[in-house]
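Chain by chain, the residues:
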Amino acid sequence: AKKPKAPARKQRQQRQRDRYSSPSNAVAAAAADAAAASVAGGAAASAPAPPRNYEGDGWEYPRYDLATLSKNEKAYFDYMCDLMTFFHKPDEPYPPTKVFTREELLLLTPKVVRDWMAMKTFGKLDYGPGDKSLGARYHTLGYMKKAVSWFMPNKRPGWCDGRGNPTKSDAVNNIIADVKLKESRKMGAKSRVKRPLTKAEFDLEMKLMREQPDWESQIKFPTMSVWQFNFIGRIDDTCHHELTDPKGHKTFSFALQSKVRWSKNVVDERQCPDQIILGADDPSWCLLLLLGIYLESYLAAHPDPKYLFTEHVNIHPVSHVDQAPDNIKNKWRQRLKKVVWSRPEFEDVECMDEDENEGGVGTHSRRKFAADYASNCGHSETAIEIRGRWKRLRGGRIVFQYIGLKKSFEDASVCGSLCIGGPIKYELKEGIDASIPMNWIYQHVIPNIRRRFHDTRLCTVLGKAVLYACMSEDDKIVVPNEIRQRVRTAYNQLNLEETQPIEKIRLHIHRMNDQLFITPIGEGQLVAGASGGSAGMLGTEAVQTLIIRQQQYQQETNQRFDSQASQLYELRNYCGCQFRRLNNNIRSFGGTIEGSFVRQRTQQMVTATTQNEVVVRNDNQQEVEEGIVQLAELSHNPTSLHDLWREYRFGLNGRKPAIQFTRKERNVSRAVAAKYSRRHYVWQTIQRLVNAGHTAEVAIEKIRRQYGYSTSPTKIMILIQKDKAIFKDHDGIPPNLR
């Protein structure tokens, strides 16, 4: 008969026992005696250590070297020496440079660690339910446990049968749980954990910074603050970004992307995928706008820096670690303490929860604020972990090795919620794009950024944002005077009527199946209460997505219907023309045959004249393509709205398109100005319908349906002008054309 299998728990315990069978009997006996002595009161703590017999396992006690140790590792030595001082009770406390042998560390037991924590927390070894933990807090005990575990020879396995890591035991875990429970019942020490910032405090921080006279406080540090908020990062992450990290997004031409390689939780290159950067409707929180202004002024003074937020490089002579990021981090922290946190205005901002106000604020409060804000917007913990690059407990299942870490929708949706006011993109206004080419923006708006970056997508995004900032009159936007004056001087030379050539277009983030979509929201499409971002398809955001998709389907249906209606109209006109010609020919036979021939010859002459006009038009178009100067003239008496629209967008008979007319060309005479003004009503109406998603043919069909199919273009111009006064409460737009 088959022998029944032992329970899984017994099998694990047996494997753990077998794992510790390698130590010598002398060491095992000494450890067991030490454990028994510790339970009895620690009398055997000063027993001689057994001989070392662990060659080849790679363990050695860490060296206390200030040049190579991190800040946390230096604190580990302090806690370890404090524990060994409590255990050995020497005359003088051990210094951090003290080296403990393996044999000394193997004598540590869970009871020793537990008693040490009890003294640090309660001030006595034995505590009861009514005792208050006024010493170390719950998080401090966890840090102490982590510090001691870092030195243990057998740090991986838990404590079992007198062997293993003494910090991984029930005795240690129980005292930590007791302290946590007492803190929840107001029986613990006061919290010193930094609370999250609030939005009002962050706005006040930006305001106080920009009131300072120096460039760093006005431009640099606000950009770093919004960068940290946007990526839900630490202050250390922000300071270690290099200049080459931000890039143009590969899929969305209006966005940027960047990697956060220095994040504390990034231990694998797969854990730092590209993360999207979008613009925000509130200029104080728009990272694209702030980054563009900062880089243009930063690169003017420092053309080729290594880091994004510091121009210095400071290599340590011993550790060979660049200390420049740490220097700017300390400078940033000190500036926040001096300019913001110590000001009476900042202290007057009320905190919603008085219990959370005990620890005050710090640089880590900003990361807590970003995560808390995203959570309040309705995002799941998983989506926030993805944006903040936190470790996730994925378990040891094989399936997680095949699921990628890059989650585009979750990352973009959280980013959209962190764009205060809603995500937006910067675009040239319709009609301005032909007068302001991108080369003009590269040359006059962002020459320093373009000189340093060869990424056209990045330069295009930042160039439009900086142009918007320079032409805006918003007090929230701070632009150096030399940049603003340079851009405005170059823009005035273009002789354009528009004072703000850039518009902000709201965006909505959603997905279909596994594809991420970031869709522009047209006028009247934004749902009340929706920010334009996405919160996992919940609430108003789901309604916004449904409305956008419904309108897309409706536009496709309307375009097909209007296209068929237009074809039917053309067919009706063609048939009517043929029937009239047929009737005229029949009537002509009622007279003389010569009269019929005369009518046919006349029609042939008209056809030949039309063909000659087409040939001339093609010849003129070829001359335009060859570089001949186009005449800025309007045609006389256009016969259809189609010709009127082609005149506006492309020009007729080789003439210059009306959309490209300068102010001088539009007003060369009173007659030309009046003609342009009348036709501009029709052009505006067609352009508005095209911007709403219709084709030009469909827009013209709607206008003809509104004012009559037999109405002449001149009469339509007059009727549209009258509707401006009739429907003035609706921007002069009739119901059928809205």
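Since the model is a prediction, treat every value here as computed from it, not as a measurement. (Residues numbered from 1 in each chain as written. Predicted model: local features only at pLDDT ≥ 70, side-chain atom pairs only at ≥ 80, totals over all residues. Heavy atoms only, no water.)

Caption draft 1: A nonpolar patch on the surface, seen in detail. Judged by side-chain polarity, Met-512, Phe-517 and Tyr-553 come together as a nonpolar surface patch covering roughly 290 Å² of accessible area. Here Tyr-553 lies in helix H21 (residues 539-589). (Patch = residues over 30% accessible without salt bridge, like charges linked within 9 Å, V, L, I, M, F, W, Y side chains within 5 Å. Areas by Shrake-Rupley, 256 points an atom, 1.4 Å probe, with all protein chains shown as cover. Salt bridge = Lys/Arg side-chain N within 4 Å of Asp/Glu carboxyl O. Helix = DSSP H or I, 4+ residues; strand = E, 2+ residues; numbered from the N terminus.)

Caption draft 2: Summary view of the nonpolar core. Within the largest apolar cluster, 96 residues are counted, with the highest numbers of intra-cluster contacts made by Leu-278, Leu-289, Leu-295, Ile-449, Leu-467 and Ile-518. With 11 residues, helix H19 (residues 456-471) is the single largest residue contributor to this core. Among residues more than four places away in sequence, those in contact with Leu-278 are Phe-254, Ala-255, Leu-288, Cys-415, Cys-419, Pro-423, Leu-507, Ile-509 and Ile-518. Membership of the second largest hydrophobic core comes to 31 residues, among which are Leu-83, Phe-87, Phe-122 and Met-152. (Core = buried A, V, L, I, M, F, W, Y, C linked by side-chain atoms within 4.5 Å. Buried < 20%, exposed > 50% of the residue type's maximum accessible area, 1.4 Å probe, protein only. Contact = heavy atoms within 4.5 Å.)

Caption draft 3: Helix H23 (residues 641-649), seen in detail. Along H23, the residues that are buried comprise Leu-641, Asp-643, Leu-644, Trp-645, Glu-647 and Tyr-648. Where H23 is buried, its residues touch helix H25 (670-691), helix H26 (696-707) and helix H27 (713-726). Immediately downstream of H23, the backbone of Gly-651 shows phi near 90°, a positive value.

Caption draft 4: Quick peek at the environment of Pro-325. Along the polypeptide, Pro-325 turns up in helix H12 (residues 324-341). Given a relative accessible area of 0%, Pro-325 falls into the buried group. Separated by 88 residues in sequence, Pro-325 and Asp-237 place their C-alpha atoms 9.3 Å apart. When neighbours within four sequence positions are excluded, Pro-325 is seen to be in contact with Cys-239, His-240 and Tyr-307.

Caption draft 5: Looking closely at helix H11 (residues 287-301). With 15 residues, H11 ought to run about 21 Å at 1.5 Å a step, and its terminal C-alpha atoms sit 21 Å apart, in line with that. Counting buried residues in H11 gives 13 out of 15 residues, a clear majority hidden from the surface. (Expected span 1.5 Å × (residues − 1).)

Caption draft 6: Focus on the sheet that holds strand S3 (residues 275-277). On the basis of which strands lie adjacent, the open sheet formed by three strands has the order S1-S2-S3 and antiparallel pairing. In the strand order of this sheet, the two ends are held by strand S1 (247-248) and S3, each with one partner. Pairing geometry for strand S2 (residues 256-258) and S3, over three bridges, is antiparallel. Within S3, the residue paired with Leu-256 across the bridge is Ile-277. (Pairing = 2+ DSSP bridges.)

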